[in-house]
Amino acid sequence: MSVIYILLSISIVVAIVFFAAFIYAVKKGQFDDSYTPSVRMLFEDELVKEQPKPTLKTKKTN
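Residues numbered from 1 in each chain as written. Predicted model: local features only at pLDDT ≥ 70, side-chain atom pairs only at ≥ 80, totals over all residues. Heavy atoms only, no water.

Going by an unreviewed UniProt entry, the chain carries the name Cbb3-type cytochrome oxidase assembly protein CcoS and comes from Gelatiniphilus marinus.

J.: Sorry if this is basic, but what is going on with the overall build of the chain here?
T.: In terms of helices and strands, the chain carries two helices and zero strands. Residues classed as buried in the chain amount to 3% of the 62 residues present. Counting every atom, the chain has about 7,200 Å² of accessible surface; 64% of that belongs to carbon and sulfur. (Helix = DSSP H or I, 4+ residues; strand = E, 2+ residues; numbered from the N terminus. Buried < 20%, exposed > 50% of the residue type's maximum accessible area, 1.4 Å probe, protein only. Areas by Shrake-Rupley, 256 points an atom, 1.4 Å probe, with all protein chains shown as cover.)

J.: Would you explain the packing of aromatic side chains in this entry?
T.: Describing an aromatic ring pair means giving the distance of the ring centres and the angle of the ring planes. Counted by the stated rule, this structure contains one aromatic pair. Ring centres of F22 and F31 lie 5.8 Å apart, and the angle between their planes is 40 degrees; this geometry places the pair in the tilted category. Look at F22 and you get partly exposed, because its relative accessible area is 44%. By relative accessible area, F31 is classed as exposed at 54%. (Phe/Tyr/Trp six-rings, centres within 6.5 Å; stacked < 30°, edge-to-face > 60°.)

J.: For this particular structure, what's the right way to read the UniProt feature "transmembrane region" (unreviewed entry) in the chain?
T.: Per the UniProt record, "transmembrane region" (unreviewed entry) is found at residues 6-26. Helix and strand shares over residues 6-26 are 100% and 0% respectively, and the end C-alpha atoms of the span are 31 Å apart. (UniProt positions renumbered as here; feature names shortened; annotations may be inferred.)

J.: What's the story with helix α1 (residues 2-27) in this structure? I'm lost.
T.: One turn of the α-helix equals 3.6 residues, which is why residues spaced by three or four share an orientation. An ideal rise of 1.5 Å per residue puts 38 Å on 26 residues; α1 measures up with 38 Å between its terminal C-alpha atoms. At the C-terminal side of α1, G29 shows a positive phi close to 85 degrees. (Expected span 1.5 Å × (residues − 1).)

Here it is, written out as structure tokens:
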């Protein structure tokens, strides 16, 4: 039973560390991106390649 208390306390400490790292990154502007949303609508989601027109091959007669 004491192992459960140890694992629970370790998991809470790890969760607090990750939460603190997330808050630190947000305050430092890690997730700020003001450029991409303004130009996202200008670009296509996927590039469409043009298919070449089919050509007719003719036989040469000698």
